[in-house]
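One letter stands for each residue in the lines below.
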Amino acid sequence: MVKTQTKEKGAWWTLYNRWVIKLLKEIHNQQTILRKIDWRLLPIMFITYNFNFIDKSILSSAAVFGLENDTHLVGQQYSWVSSIFYFGYLGWTYPTTIFIQKLPVGRYVSINTIIWGIIVACTALCTNFGSLLTVRFLLGVAEATITPSFVYITSMWYTREEIPFRTGTWFAGNSFGGFMASLLAYVIGRIESSISLWRWLFIIFGFTTMSWGILLLFILPSTVESSRFLNEEEKKHVLDSVARSGTGKTTRSTSAWKFEQVIECLIDPKTWFFFGISICTQIPNSGTQNFANLVLQGLGFTSLQTTLVGIPSSFIAFFTILITGWLAGKYHEISCYLIALVVVAPVAGSALIYSTKASNGVKLFAYYLLATGPGALPLAMSLMTNNYKGVTKKMTVTAFLFLAYCTGNIAGPQTFKTLEAPIYPTAFRAIMICYTLVVVEALGLRIYLSWMNKKLRMRLADSGPPVPVMNTDGMNEDMTDWQSYDMVYWL
């Protein structure tokens, strides 16, 4: 009897060990595949986002290197040159979300990158207000593809838990791009040439971006299935993971555009919370982005010094985005709090700058406080990606997020009145109000999402989960988050 029990115990122990070993192998394989994806995709998106930010923000450096004088800009014309970029962006935001679904996204991103590099280089040929408006508008059209494409690519390759940190990582390319733009602008600013220094900025960055776009044609995959760095078993693992998570495109049929999902998106209250957060974060963003060097020049720095003084802001924004993205991925219930938290310092900073009694040293410190503000948008983007299901619904809310993004960025430069230079009190009053509204909107979104989760739990307690709808391939149909039986909203 004892021997029998011993044998049974030994058999169970053997089975248990085998199960543990199998589980550990699966975890190891998952981590190995995730690392392979990270090392391929994240550097590509990070570098592309570097160029995305540099090429639209070097206008600020160009402004202190003689662009306004050489192109005969007067009054609010520089503000309109800043804003017109986002009219192009706005006009192409919704059409591009449809093309992202219909076309090979890797090729689409690559070709747009080449085009925008050419447009940046052509900016060096501008001689007046009209030509600047034209190239900046076209640049907005070309760059409008990048961020929605990256949101789509991230949801295609990663699960809900993995998305926040990855979104934060490639979005941090924005801030690192600010550092690179400032450093390279300082180097270019020391060039002695008969060609104006601001023209050299656009020539060098334009041709560099164009070259990177050509390289993207060969290294950025359009789908999991078409990737060359994963084997067939690894591809199947990725597709199964994102299908279970409800993030990626599960079948070819889900690429069909569904009008009913557009309507659902429009009547979904959380869509309008995200819309509000986006517009209120971007009014401050565009203004400080395009007028940063002019503001710093007003604090007593030379044209060349402004390129270096702005570098700490880029580092603060970079680490804010990375750290908050990591926290949002690790803790599923703090994203709304993090959005509110990162805009508190900019509220204080804008209030200090708005105060005419503060010294220039205090105002420079306050200017650095503004640098945490850009961390709000990537948090909102990853929260949005995790809280929407249905390919069309997700792409529609992405379009709405960037419609708000464009509207805010159009309005932002207009708050910087030329007659109020170098203090710009109207602008910093607007920044203070907008970031305060973001706090209210983020906390309101959290209350709504908590209510939705509670409502779902009550429904499940009453009737239990419904049977999930399957298609002929045995995969979940392209259901929205409202239709999904197992949706739990991240907070």
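What counts as what
- Residues numbered from 1 in each chain as written.
- Predicted model: local features only at pLDDT ≥ 70, side-chain atom pairs only at ≥ 80, totals over all residues.
- Heavy atoms only, no water.
- UniProt positions renumbered as here; feature names shortened; annotations may be inferred.
- Salt bridge = Lys/Arg side-chain N within 4 Å of Asp/Glu carboxyl O.
- Helix = DSSP H or I, 4+ residues; strand = E, 2+ residues; numbered from the N terminus.
- Buried < 20%, exposed > 50% of the residue type's maximum accessible area, 1.4 Å probe, protein only.
- 1 Å grid on protein atoms, 1.4 Å probe; cavity = no way out; pocket = protein on both sides within 12 Å on 5 of 7 lines; lining within 4 Å.
- Points joined across faces, edges and corners; volume = space filled by probe spheres on them.
- Patch = residues over 30% accessible without salt bridge, like charges linked within 9 Å, V, L, I, M, F, W, Y side chains within 5 Å.
- Areas by Shrake-Rupley, 256 points an atom, 1.4 Å probe, with all protein chains shown as cover.

As annotated in an unreviewed UniProt entry, the protein chain carries the name Major facilitator superfamily domain-containing protein and is attributed to Rhodocollybia butyracea. Of the protein chain, the UniProt comment under Subcellular location (unreviewed entry) reads exactly: "Membrane". You can read under Sequence similarities (unreviewed entry) in the UniProt record for the protein chain the words "Belongs to the major facilitator superfamily. Allantoate permease family."

What follows deals with the pattern of salt bridges. Under the criterion given, the structure shown has eight salt bridges. Ionic pairing is found between Lys-36 and Glu-234, a salt bridge with its closest N-O pair at 3.0 Å. With Lys-36 in helix H1 (residues 2–64) and Glu-234 in helix H10 (residues 232–245), this pair connects stretches of sequence that are 198 residues apart. You can call Glu-234 buried: its relative accessible area is 12%. For Lys-393, the salt bridge goes to Asp-481, with nearest N and O atoms at 3.0 Å. A residue pair is termed long-range when its members are at least 10 positions apart, and Lys-393 in helix H19 (residues 391–414) and Asp-481 in the segment after helix H20 (425–463) qualify at 88 residues. According to the relative accessible area criterion, Asp-481 is buried, its value standing at 3%. Three or more residues joined by partner-sharing salt bridges are found here, namely Glu-264, Asp-268, Lys-270, Lys-393 and Asp-481.

Let's shift gears to empty space enclosed by the protein. Overall, the coordinates contain three cavities of 30 Å³ or more when judged by the stated rule. Computed from the structure, the largest cavity encloses a volume of approximately 650 Å³. If you trace the largest cavity, you find 37 residues lining it, with Phe-53, Thr-288, Gln-289, Ser-314 and Tyr-367 closest to the centre. Residue assignment for the lining of the largest cavity shows that the elements contributing at least two residues are H1, helix H8 (173–188), helix H12 (269–298), helix H13 (303–309), helix H14 (311–330) and H20. A per-element tally of the lining of the largest cavity places H12 first, with nine residues.

There is a patch of nonpolar side chains on the surface, built from Phe-259, Ile-263, Leu-266, Ile-267, Trp-272 and Trp-482 and spanning about 590 Å² of accessible area. The biggest single contributor to the nonpolar patch is helix H11 (residues 259–267), with four residues. The partly exposed category is assigned to Trp-272, whose relative accessible area is 40%.

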